[in-house]
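Each chain is listed here by its residues.
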Amino acid sequence: MQADITRSEAPPTTVRGILYFVLPVLVIVGALIAYKSSTALGVIGKVSATGVFKPRSNVIPRVGASDAGVLTRTLNYFLVIWPALVFGILISAAVSTFVSPRWLSRLIGRRSLRSQAIAGLAGAPLMLCSCCVAPIFTGVYERSARLGPSHGLMLAAPALNPAALNLTFMLFDYKVGVTRGAASVAAVLFTGMIADRIFARTEVHCDVDDWQTEGRPADLLHFLRACARVSVRLLPVIVIGVLASMIIAQMIPVRTFDSTAARLLAIAIVAAVAVPLALPTFFEIPLALILLSSGAPIGAAVALLIAGPSVNLRSLLTIMRSTNWKVSAVVAASIWTLAVASGIVVSFL
């Protein structure tokens with residue numbers, strides 16, 4: 001009789017535990033999805049009505065143009081992305097505070113396509129740019145100690161952004177949209193797995209408080225301390241990465257894209273520039289249109305659409321800070337290779 005009572009009381013306790021650990025994260029993620037969805041629907045509606053998508057030249061300059069200085073564009077960039085960046089820091093702090101490492105280990109602990117797919121499905125609805133999702137990579141990696149799924153989630157948020165994919169199909173040939181979608185899925189599924197297989201024993205640099213070590217329950221104070229820790233660790237890297245990428249954007253020569261005889265070289269150059277370049281959400285689309293209007297081959301535009309949103313110098317520095325430079329280099333090389341290969345495929349279709 002006593003055993004029956006214990007069994008009947010266990011489910012409510014389990015449910016309360018799940019709600020305690022998961023609910024704070026779900027509330028923040030839900031608010032982010034609502035915010036990003038409303039913005040995305042507004043952009044899609046405007047593009048559907050006008051058929052054009054105008055870039056903000058005060059953030060990312062037109063090829064060969066320099067309407068605003070590096071510092072001005074860096075400031076403008078942060079004015080555009082700061083709400084999403086705040087959400088990224090909040091989610092990272094919530095994961096590190098409320099989510100159990102054991103639960104994450106059960107969910108994405110195995111080295112398999114299933115774990116990568118789960119991470120991709122979790123990341124895609126966030127619709128964050130690669131800058132803003134980087135803090136989430138840190139939080140998930142430090143709690144799960146798994147490179148593959150952590151990278152999969154980080155890449156899925158910008159690369160599998162459903163609104164960005166929709167805009168790609170609306171503004172480009174269907175071959176471009178299909179290639180971008182397929183390459184983005186491949187990046188989410190396989191880039192992290194490659195890094196995980198090569199660096200499976202990479203040490204996880206996890207900052208924990210005494211209350212975590214002793215197993216005491218979390219509260220608002222611990223969450224705020226986690227927010228502060230994430231901000232102190234990552235915001236300087238964000239500023240350095242964005243500033244460096246703006247300098248790279250300023251140095252792009254217009255003549256690089258004029259010669260149609262150098263298709264392969266143009267694709268490789270665009271992919272190499274796009275990997276470190278910091279782009280707000282959707283900005284890869286008008287930049288790709290600008291490239292095409294400047295005489296670049298379609299493959300170069302595809303390379304930008306794939307490499308541009310997936311990673312940037314700031315997110316690569318975050319990976320390096322949480323792991324080491326070798327992991328960051330493998331991720332950058334994988335994205336560059338995938339972007340170049342996709343650009344070549346589209347060029348000859």
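Residues numbered from 1 in each chain as written. Predicted model: local features only at pLDDT ≥ 70, side-chain atom pairs only at ≥ 80, totals over all residues. Heavy atoms only, no water.

**Q** Which parts of the structure should I look at to understand the environment of Phe169?
**A** Tracing the backbone through its elements, the reader meets Phe169 in helix H7 (residues 162-171). Considered as a pair, Phe169 and Gly181 are 12 residues apart in the sequence and their alpha carbons are 9.8 Å apart. (Helix = DSSP H or I, 4+ residues; strand = E, 2+ residues; numbered from the N terminus.)

**Q** I keep staring at the confidence of the model for the protein and nothing clicks. Help me out?
**A** Segments scoring low in pLDDT should not have their predicted coordinates read at a detailed level. The predicted model of the protein has a mean per-residue pLDDT of 76, with 77% of residues at 70 or higher. In the model of the protein, helix H9 (residues 210-214) stands out as the element of lowest mean pLDDT, 43, in contrast to helix H15 (residues 325-347), which has the highest, 93. Taken together, the stretch residues 1-13 has pLDDT below 50 and engages in zero contacts with residues farther than four places along the chain or on a different chain. Long-range and interchain partners of residues 206-216, a stretch whose pLDDT sits below 50, account for 15 contacts in this model, where long-range means more than four residues apart. (pLDDT = per-residue confidence, 0-100. Contact = heavy atoms within 4.5 Å.)

**Q** What exactly am I supposed to notice about the pattern of salt bridges here?
**A** Between side chains of opposite charge, a pair can form when the charged atoms approach closely. All told, the structure shown has one salt bridge when counted by the stated rule. Across the pair Arg180 and Glu284 runs a salt bridge whose closest N-O atoms are separated by 2.7 Å. Note that Arg180 is positioned in helix H8 (residues 174-198) and Glu284 in helix H12 (residues 284-293), a separation of 104 residues in sequence. Both residues of the pair, Arg180 and Glu284, count as buried. (Salt bridge = Lys/Arg side-chain N within 4 Å of Asp/Glu carboxyl O. Buried < 20%, exposed > 50% of the residue type's maximum accessible area, 1.4 Å probe, protein only.)

**Q** What am I meant to see in H8 here?
**A** Structurally, the α-helix is built with 3.6 residues per turn, so residues lying three or four positions apart point the same way. Taking 1.5 Å per residue as the helical rise, H8 with its 25 residues ought to reach 36 Å, and the 35 Å between its terminal C-alpha atoms agrees with that figure. In H8, a bend of some 30° at Ala187 exceeds every other bend along the element. The backbone nitrogen of Lys175 lies 2.9 Å from a side-chain oxygen of the residue at the head of H8, namely Asp173. (Expected span 1.5 Å × (residues − 1). Bend = angle between axes of the 7 residues up to and from the residue. Polar contact = N/O pair within 3.5 Å; in protein donor to acceptor, adjacent residues only side chain to side chain.)

**Q** It is not clear to me how the packing of helix H4 (residues 113-123) against H8 should be interpreted in this structure. Could you clarify?
**A** Two numbers describe a pair of packed helices, the interaxial angle and the distance between the axes. At their nearest, the axes of H4 and H8 sit 9 Å apart, and the two run at 125° to each other. Considered as vectors, H4 and H8 are oriented oblique to each other. Two packed elements cross with a definite hand, and for H4 against H8 that hand is right-handed. On the side of H4, the interface is formed by Leu113, Gln116, Ala117 and Gly120, while H8 contributes Val188, Leu189, Phe190, Gly192 and Met193. Partitioning the contact of H4 with H8 into residue classes produces six nonpolar, three polar and no charged. (Axes fitted to C-alpha atoms, helices over the stretch in contact; angles between N-to-C directions. Parallel < 35°, antiparallel > 145°, perpendicular 65-115°, else oblique. Left-handed = near helix turned anticlockwise from the far one by under 90°. Nonpolar A, V, L, I, M, F, W, Y, C, P; charged D, E, K, R; others polar.)

**Q** What am I meant to see in unusual backbone geometry here?
**A** Negative phi is the rule for most residues except glycine; trans is the rule for most peptide bonds. Here the phi dihedral of Met127 falls at roughly 55°; this positive angle occurs in a residue that is not glycine. Structurally, the position occupied by Met127 is in the loop between H4 and helix H5 (130-144).

**Q** Would you explain the nonpolar core in this entry?
**A** Across soluble globular proteins, nonpolar side chains show a tendency to be buried alongside one another. One finds Tyr77, Leu126, Leu128, Ile136, Val242 and Ile335 to be the most contacted residues of the largest nonpolar core, which totals 94 residues. Broken down by element, this core gets its largest block of residues, 11 residues, from helix H2 (residues 70-98). Sequence-distant contacts of Val242, that is, excluding residues within four places in its chain, are made with Thr74, Tyr77, Phe78, Cys131, Ala278 and Arg314. (Core = buried A, V, L, I, M, F, W, Y, C linked by side-chain atoms within 4.5 Å.)

**Q** Before we go on, may I ask you to explain the packing of aromatic side chains in this structure?
**A** We describe a pair of aromatic rings using the distance from one ring centre to the other and the angle between the two ring planes. According to the stated counting rule, one finds one aromatic pair in the structure shown. Between the aromatic rings of Phe137 and Tyr141, the centroid separation amounts to 5.7 Å while the plane-to-plane angle is 5°, which identifies the pairing as stacked. With Phe137 and Tyr141 both in helix H5 and four residues apart, this pair spans about one turn of that helix. Tyr141 carries the same exposure label as Phe137, and that label is buried. (Phe/Tyr/Trp six-rings, centres within 6.5 Å; stacked < 30°, edge-to-face > 60°.)

**Q** Can you help me understand a nonpolar patch on the surface in this one?
**A** Together, Leu113, Phe190, Ile194 and Ile198 make up an exposed nonpolar region whose accessible area comes to about 370 Å². Summarising the element assignment, Phe190 is placed in helix H8. (Patch = residues over 30% accessible without salt bridge, like charges linked within 9 Å, V, L, I, M, F, W, Y side chains within 5 Å. Areas by Shrake-Rupley, 256 points an atom, 1.4 Å probe, with all protein chains shown as cover.)

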